[in-house]
Structures are given as C-alpha cells and as structure tokens.
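Breakdown of the fold
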Amino acid sequence: MKNYEILKMNASLLQLLSKNGVSVNDVNYLDVFDEFMEMKKQGLKVRYIALTLADKYGMTDRSIFKIVKRMSQESSL
C-alpha cells in the first residue's frame, strides 16, 4: 500500500487531528498516558507517577507532564 492510499483512506480523521493540533506521533505515548491515569486512579501522587514513568520509559518527568497535558486537552469536533 502506498502512502497516498493510507492518507486518502484516513483523510477525515487526519484532518480532524490536524485541526486540533494532535500529532500523529502522540500515538507512541498512549501507553504512557494509560499508565499515568491508572496510577492516578490508585491514589498515587502525581509527582511520583511522573518520576516512575520517566524512569520506565527513559524520559524526563517534564516530558511525562507534557504528554499528559496534551492527551488531556479537549478536542473540537
């Protein structure tokens, strides 16, 4: 399958993502966000969660906070 065909099949979804400032690279951080939210639901402190996930994924705690902020933003449809 060619890149054009992938873009054509998913054009409306990609346009919606673009309109809302969502990067397709954010798909790489879905697991990070899921784990963050699960740990938060367990009542763990946000700072502890960020440090734990940063260590697990080889990132900085600041990067974790940025990911969580981006993923938590409301989208306009």
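Structural notes, computed from the coordinates. All values derive from a computational prediction rather than experimental measurement. (Residues numbered from 1 in each chain as written. Predicted model: local features only at pLDDT ≥ 70, side-chain atom pairs only at ≥ 80, totals over all residues. Heavy atoms only, no water.)

1. With respect to the overall build of the protein
The number of helices and strands found in the protein is 5 helices and 0 strands. The secondary structure elements of the protein, listed N-terminal to C-terminal, are α-α-α-α-α. Its C-alpha atoms give the protein a radius of gyration of 15 Å, more than 25% over the compact-globule value 11 Å for 77 residues. On the principal axes, the C-alpha backbone points of the protein span a range of 45 × 25 × 20 Å. Counting only residues that meet the buried cut, the protein has 16% of its 77 residues in that class. (Helix = DSSP H or I, 4+ residues; strand = E, 2+ residues; numbered from the N terminus. Rg over C-alpha atoms; globule rule 2.2 N^0.38 Å. Buried < 20%, exposed > 50% of the residue type's maximum accessible area, 1.4 Å probe, protein only.)

2. Examining the side chain of Asp26
Within the element layout of this structure, Asp26 appears in the loop between α2 (11-19) and α3 (30-41). Polar side-chain contacts of Asp26 include one of 2.9 Å to the side chain of Arg70. Contacts of Asp26, omitting those with residues within four sequence positions, involve Arg70 and Met71. (Polar contact = N/O pair within 3.5 Å; in protein donor to acceptor, adjacent residues only side chain to side chain. Contact = heavy atoms within 4.5 Å.)

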